[in-house]
Protein chains: 6
Amino acid sequence: MRIAVVNPNTSVDMTADIAASARAAASPGTEILPLTAAFGARAIDCTVESLISAVAVMDLLSTTAETFDAVVLAGYGEHGREGVQELVDVPVLDIAECSAHVAMMIGRRYGVVTTLQRSVAAIEDRLLLAGVAAHCSGVRATGLGTADLDSDPARTVAAVVEQARLAVERDGAEVVCLGCGGMAGLDTTVSEQVGVPVVDGVRAGVRIAEALVGMGLRTSKVGAYAPPAGNPMTAWPLSRHLARP
Amino acid sequence: MRIAVVNPNTSVDMTADIAASARAAASPGTEILPLTAAFGARAIDCTVESLISAVAVMDLLSTTAETFDAVVLAGYGEHGREGVQELVDVPVLDIAECSAHVAMMIGRRYGVVTTLQRSVAAIEDRLLLAGVAAHCSGVRATGLGTADLDSDPARTVAAVVEQARLAVERDGAEVVCLGCGGMAGLDTTVSEQVGVPVVDGVRAGVRIAEALVGMGLRTSKVGAYAPPAGNPMTAWPLSRHLARP
Amino acid sequence: MRIAVVNPNTSVDMTADIAASARAAASPGTEILPLTAAFGARAIDCTVESLISAVAVMDLLSTTAETFDAVVLAGYGEHGREGVQELVDVPVLDIAECSAHVAMMIGRRYGVVTTLQRSVAAIEDRLLLAGVAAHCSGVRATGLGTADLDSDPARTVAAVVEQARLAVERDGAEVVCLGCGGMAGLDTTVSEQVGVPVVDGVRAGVRIAEALVGMGLRTSKVGAYAPPAGNPMTAWPLSRHLARP
Amino acid sequence: MRIAVVNPNTSVDMTADIAASARAAASPGTEILPLTAAFGARAIDCTVESLISAVAVMDLLSTTAETFDAVVLAGYGEHGREGVQELVDVPVLDIAECSAHVAMMIGRRYGVVTTLQRSVAAIEDRLLLAGVAAHCSGVRATGLGTADLDSDPARTVAAVVEQARLAVERDGAEVVCLGCGGMAGLDTTVSEQVGVPVVDGVRAGVRIAEALVGMGLRTSKVGAYAPPAGNPMTAWPLSRHLARP
Amino acid sequence: MRIAVVNPNTSVDMTADIAASARAAASPGTEILPLTAAFGARAIDCTVESLISAVAVMDLLSTTAETFDAVVLAGYGEHGREGVQELVDVPVLDIAECSAHVAMMIGRRYGVVTTLQRSVAAIEDRLLLAGVAAHCSGVRATGLGTADLDSDPARTVAAVVEQARLAVERDGAEVVCLGCGGMAGLDTTVSEQVGVPVVDGVRAGVRIAEALVGMGLRTSKVGAYAPPAGNPMTAWPLSRHLARP
Amino acid sequence: MRIAVVNPNTSVDMTADIAASARAAASPGTEILPLTAAFGARAIDCTVESLISAVAVMDLLSTTAETFDAVVLAGYGEHGREGVQELVDVPVLDIAECSAHVAMMIGRRYGVVTTLQRSVAAIEDRLLLAGVAAHCSGVRATGLGTADLDSDPARTVAAVVEQARLAVERDGAEVVCLGCGGMAGLDTTVSEQVGVPVVDGVRAGVRIAEALVGMGLRTSKVGAYAPPAGNPMTAWPLSRHLARP
């Protein structure tokens with residue numbers, strides 16, 4: 001089985017981290033195909049950057065010669081999952097949504113700990129649209145931007161642990177989701193310090209993708225995720241029209 | 001990995017069917033441990049039978065000498081998942097809830113096709129409590145009781161296909177969940193005839209259980225699913241006190 | 001008129017307290033028939049104990065030779081009301097739900113004060129399923145287990161008053177429901193100290209039962225609460241099969 | 001015990017009918033005090049008429065020399081309950097809300113059958129504000145205005161039965177509420193023909209009022225229903241300033 | 001274009017303030033027709049006063065010889081908008097609802113700052129019925145009654161700023177609505193001090209009324225807002241029957 | 001005042017139609033600045049096309065030398081409004097959302113009539129995220145794609161009228177919104193034939209934009225719509241990097 005794990009930003013360093021995390025999470029026999037957005041932002045911390053990333057991801061999946069059995073979208077709260085579901089018919093897992101599904105199966109309420117306060121809205125909107133908001137106890141921000149997470153790992157852990165604890169103590173969370181692809185790998189540490197299960201989105205995405213493929217399930221094509229309408233396009237795929245992509 | 005798959009009714013024939021379905025669904029290396037309720041109803045079609053089954057399942061899991069890495073509860077819309085989560089700390093998957101989670105990842109709205117009209121309420125309540133009701137397009141009944149499903153397989157398929165089609169055409173379902181453990185194995189046939197992905201709860205439960213175990217996740221114990229309170233009990237476990245169990 | 005008031009736990013002392021409270025609440029001419037679960041926990045503080053109690057109550061009502069015009073279920077947040085409604089056709093009042101209905105008629109928002117934090121989830125779930133969650137301002141825990149309530153009455157009153165006050169001042173409750181059958185009789189004291197109406201579930205259950213009987217109403221049997229499905233049962237009623245019940 | 005039963009319209013004939021229905025419903029020892037709005041519409045079928053009736057009822061209760069232990073507001077979907085709760089501190093029961101509470105205790109979902117299509121919105125709004133909309137399967141109209149109900153009783157019964165049947169068969173209602181004070185007395189007939197319990201609002205209001213008084217409960221005065229603010233008023237009570245009331 | 005701006009209370013001083021605010025907000029060519037309730041309360045701080053004001057406003061609009069192209073109801077959280085929509089077919093804007101619509105178009109969540117705590121419920125109910133509650137972050141009270149707002153302007157500004165700041169910092173509001181007609185004119189000051197857009201209801205009502213009239217839109221008459229039912233009325237319009245209005 | 005009206009697709013013919021409609025709707029003194037997406041689809045009928053259009057619109061507004069006082073986004077159910085709100089601080093009106101706000105002010109429930117069945121989901125999602133779903137009676141599809149609307153105007157009118165009528169008669173809509181920018185100009189015809197007010201999104205967007213600008217309001221910048229995060233970008237703005245844009 002081969003799972004495309006897509007980093008929606010343009011940072012190849014982050015792609016490498018995500019790929020490592022995905023490989024560590026995968027079952028034996030599962031191959032991870034890491035992909036990186038060819039244009040857009042190096043880190044995604046607002047709607048403008050998120051929407052561009054969605055298009056970059058769709059461009060990537062429209063143009064790649066690679067084949068895969070499932071797609072994991074490694075942006076947390078980013079746009080684009082519905083579009084990718086139109087483009088491919090293998091299962092597509094958004095890590096924010098997938099984390100929520102996993103969390104709901106091991107606890108009554110889950111909280112999310114993310115980066116900046118402004119990302120809270122994007123994640124809330126994604127969970128609402130995915131139909132998994134009812135059991136979310138809240139989304140909390142550490143105040144650290146995506147690009148800051150790596151610069152001082154100890155500070156990052158401390159900030160995530162602090163908000164995870166508040167999620168449990170004040171909001172009633174019983175499980176905590178790490179609300180940024182860049183937090184991959186912190187789950188064990190945070191879980192030990194806070195005393196609740198912690199869900200890493202990339203790990204969840206990979207394992208759930210394996211499960212769906214194992215069940216022989218594909219994205220439904222009878223409704224919202226039917227193949228694209230095929231209206232005439234200008235400059236699409238964009239990557240093929242960029243002077244220097 | 002060893003997954004306990006629990007039939008909440010007392011029919012060993014149904015346990016055999018469920019076990020076969022679970023084994024067919026499992027990954028290589030996963031062992032299925034089928035378990036059958038020691039008391040209660042031979043098929044479950046009402047709340048009285050459901051509540052007794054919940055206690056029978058808890059009794060079973062409290063008294064078994066077997067070990068396992070996850071539990072799949074193979075009743076659709078039955079009570080008891082929260083109680084089992086108190087008793088064990090491995091992941092516990094209710095097939096009705098698990099089917100809904102899986103369906104939501106491959107389609108925008110899902111429908112459920114179950115047995116009798118009176119079971120609709122029980123399933124609606126379970127989905128509501130599990131926080132996955134928002135994307136349910138509705139629960140439809142075939143009019144066949146659980147015990148009738150096996151008696152005339154062709155009729156059963158026809159009835160499920162008819163309601164599945166209505167779920168898609170009238171209710172807007174993009175995925176259909178088979179709303180009874182006794183419908184295990186019909187997913188391929190129904191999917192082919194209706195043209196949408198169909199989720200078999202036992203298959204979903206087994207594969208998602210594998211995924212959660214693979215991620216190293218366990219049920220959160222800080223809140224609603226902490227170990228039982230331990231008040232003094234009379235005649236518990238019931239199976240140890242029954243004259244002839 | 002004769003009202004069965006059922007204590008879902010096995011403590012005959014608590015049954016006596018509940019019966020006294022019910023008799024004090026009843027109109028002249030109403031007879032109270034106190035019943036006690038024959039098996040299960042002596043106090044109910046988790047889902048395992050709650051589900052067993054539901055079955056014990058159903059067993060009791062299936063086997064009793066007594067007749068009655070209504071049933072009051074004196075557990076707060078316990079399972080089983082829907083099952084009992086299948087078994088009998090007289091009105092069945094769960095005290096948690098009944099308290100909420102009464103509270104909503106005398107104030108815009110109501111709060112619940114219960115025993116342990118872990119019981120909050122069970123009560124929230126019950127109110128949600130009963131369709132009365134929209135006006136609940138929250139469920140608060142005193143931190144005292146059901147069995148602790150009687151051991152130090154002054155401490156119990158102080159703890160209930162403290163949480164009731166917070167329900168009013170922080171959560172916006174205008175009425176407070178006593179969230180445990182074991183708090184019966186505290187309503188006047190708490191009301192005087194907090195300055196809002198306080199609803200005692202047993203009193204509410206008895207008086208509302210009288211009202212429903214007086215209107216000639218019975219549980220609807222056309223849908224969810226039709227008589228049990230009648231599938232073949234093993235060891236049911238359990239009480240008849242217990243070696244020493 | 002003395003219960004004021006207030007007809008919000010000016011028809012003394014309808015007051016007499018309502019009073020008869022209330023007296024038939026009351027327990028021995030309960031006295032019914034019928035009151036009639038002194039100004040406004042002879043029947044209430046729109047928001048303009050409803051709002052005037054609310055003021056007429058408040059005027060009546062501000063000026064009457066009578067005393068009473070509870071108030072039953074016999075308009076279905078009319079405005080004013082919250083205002084009356086400010087004016088008095090005895091329990092105040094709106095029959096639309098009270099019917100819903102009663103219905104929810106004897107069935108999983110309830111439907112309402114009312115007069116004109118345009119009244120559906122008013123009733124939906126009232127149920128939403130009262131926090132009891134979640135279990136309402138829908139409000140259906142017979143097409144007969146309030147004033148038409150008496151003119152041809154057989155036609156009225158047939159129209160109510162038809163819509164009640166649709167509420168059960170199409171909407172999933174298990175209990176039907178008669179959605180107009182003018183339908184008082186039809187409950188037995190409709191119930192027999194449709195096969196589900198039918199709730200008459202005036203009967204429900206009287207019996208529930210007795211229950212609340214019996215519990216010693218009064219309207220909470222700490223929040224929304226505190227006594228009126230007491231700003232200086234012009235021409236209030238209006239009845240005292242009307243040239244010929 | 002001529003817009004009737006209706007002060008629901010009887011204070012001609014407040015009418016003058018509202019009219020000045022409306023004129024300052026209006027486009028060139030828009031004429032403001034200020035109207036004052038002929039009976040009822042001089043300031044509106046409870047449901048009794050609100051319901052009387054609704055009837056006074058309907059009376060006024062039923063009896064005035066003036067013509068107008070739209071109506072702005074300048075009470076915040078008062079009753080009556082639906083009734084006025086029955087009476088006239090020009091657009092009718094309630095300032096609480098209109099403020100919410102405007103706020104939702106310029107920010108993701110909005111908060112309301114009103115007068116007394118007891119008015120919070122009335123405003124919450126109005127926003128719920130208008131279908132705009134989902135994005136309301138909360139309604140906060142300054143503790144100042146409507147009649148107190150003018151007595152010490154500096155204190156009023158300070159109190160509104162304090163609550164507006166809490167709405168932003170604690171509740172997540174991105175826009176603040178001034179929740180009382182008597183706060184007209186404070187928007188610029190509060191916005192400068194708090195750093196978020198502030199919506200003045202009268203200004204919003206006038207400008208949105210202009211927009212609707214400019215689009216040629218009128219209130220829909222096919223459903224809830226059809227003309228009044230026309231049942232026979234006693235003493236209506238009340239103003240024509242008052243001994244001295 | 002100058003309002004940018006942005007056609008999110010690349011069809012300059014459709015831009016001309018939209019501009020004509022916007023100019024007809026605008027007040028005297030309002031200048032309309034029509035803008036057309038430089039890349040992406042010629043008509044937008046799926047999520048892939050919608051997301052690309054969102055980026056094309058953001059690109060356009062990031063690179064234009066024009067100035068404007070407000071932005072109207074003339075795609076119905078398209079992505080991007082939140083991103084544009086980050087980029088500019090003048091008011092930004094999405095026509096789907098704006099139509100809903102306008103409709104809610106002139107009727108109790110509104111319906112939407114759009115193009116293809118697959119667009120229903122996109123519009124539902126947009127209304128849900130905008131907080132205006134509660135009063136939507138449903139979104140109906142004519143079955144005509146965006147590009148088909150112009151090819152046979154009589155067929156288009158007939159199809160829209162048919163669905164509008166069903167929205168009113170079956171779903172309870174009191175107002176109908178034209179759910180596609182390409183339906184601009186049909187409002188009068190449809191309204192006359194169906195008998196309810198009909199809202200044209202472009203007209204609504206322009207007039208509401210004028211109103212917001214007239215009130216001096218701008219998009220709140222303290223939360224979700226703060227300026228973009230400014231992470232380093234590759235190939236942005238895309239239009240500057242396209243070989244031939």
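As the structure is a computational prediction, the values presented were derived from the model and not from experiment.

1. Details of the packing of helix α4 (residues 95–106) of chain A against helix α8 (residues 201–214) of chain A
Packed helices, taken two at a time, are described by their axes: the angle between them and the distance between them.
Residues and elements named next belong to chain A.
No. 1: At a minimum axis distance of 8 Å, the contact between α4 and α8 shows a crossing angle of 80 degrees. As the angle between them shows, α4 and α8 are arranged roughly perpendicular. Contacts from Ile 95, Cys 98, Ser 99 and Val 102 in α4 reach Gly 201, Val 202, Ala 204, Gly 205 and Ile 208 in α8.
No. 2: Tallied by class, the residues present in the contact of α4 with α8 amount to six nonpolar, three polar and no charged.

2. Observations concerning the sheet that holds strand β7 (residues 136–141) of chain E
Strand pairing in a sheet takes place through backbone hydrogen bonds and is either antiparallel or parallel in direction.
Residues and elements named next belong to chain E.
No. 1: With respect to topology, four strands assemble into an open sheet ordered β7-β6-β8-β9, the strand pairing being parallel. What marks the edges here is a single partner per strand, and that holds for β7 and β9 (198–200). Across the sheet, the mean angle separating the axes of adjacent strands is 25 degrees when strand polarity is ignored.
No. 2: Pairing geometry for strand β6 (residues 110–114) and strand β8 (residues 175–178), over four bridges, is parallel. For Gly 111, the partnering residue across the bridge sits in β8 and is Val 176.
No. 3: Against the sheet, helix α5 (residues 117–129) touches β6 and β7, its axis set at about 155 degrees to β7.

3. Some words on the arrangement of the chains
No. 1: Chain B makes no contact with chain E; the smallest distance between any of their C-alpha atoms is 16 Å.
No. 2: At the level of C-alpha atoms, the two units chain C and chain F stay apart, their nearest approach being 16 Å.

4. Regarding the pattern of salt bridges
All names here are of chain A.
No. 1: Evaluation of the coordinates by the stated rule reveals 78 salt bridges over all chains.
No. 2: In this structure, the salt-bridge partner of Arg 2 is Glu 66, at a minimum N-O distance of 2.8 Å. With Arg 2 in strand β1 (residues 2–7) and Glu 66 in the loop between α2 (47–63) and β4 (70–73), this residue pair connects regions lying 64 residues apart in the sequence.
No. 3: According to the relative accessible area criterion, Arg 2 is buried, its value standing at 18%.
No. 4: Judged by relative accessible area, Glu 66 falls into the partly exposed class, the value being 36%.
No. 5: Through salt bridges with shared partners, one network takes in Arg 81, Glu 82, Glu 97 and Arg 126.

What counts as what
Residues numbered from 1 in each chain as written. Chains lettered and ligands numbered in written order. Predicted model: local features only at pLDDT ≥ 70, side-chain atom pairs only at ≥ 80, totals over all residues. Heavy atoms only, no water. Axes fitted to C-alpha atoms, helices over the stretch in contact; angles between N-to-C directions. Helix = DSSP H or I, 4+ residues; strand = E, 2+ residues; numbered from the N terminus. Parallel < 35°, antiparallel > 145°, perpendicular 65-115°, else oblique. Contact = heavy atoms within 4.5 Å. Nonpolar A, V, L, I, M, F, W, Y, C, P; charged D, E, K, R; others polar. Pairing = 2+ DSSP bridges. Salt bridge = Lys/Arg side-chain N within 4 Å of Asp/Glu carboxyl O. Buried < 20%, exposed > 50% of the residue type's maximum accessible area, 1.4 Å probe, protein only.

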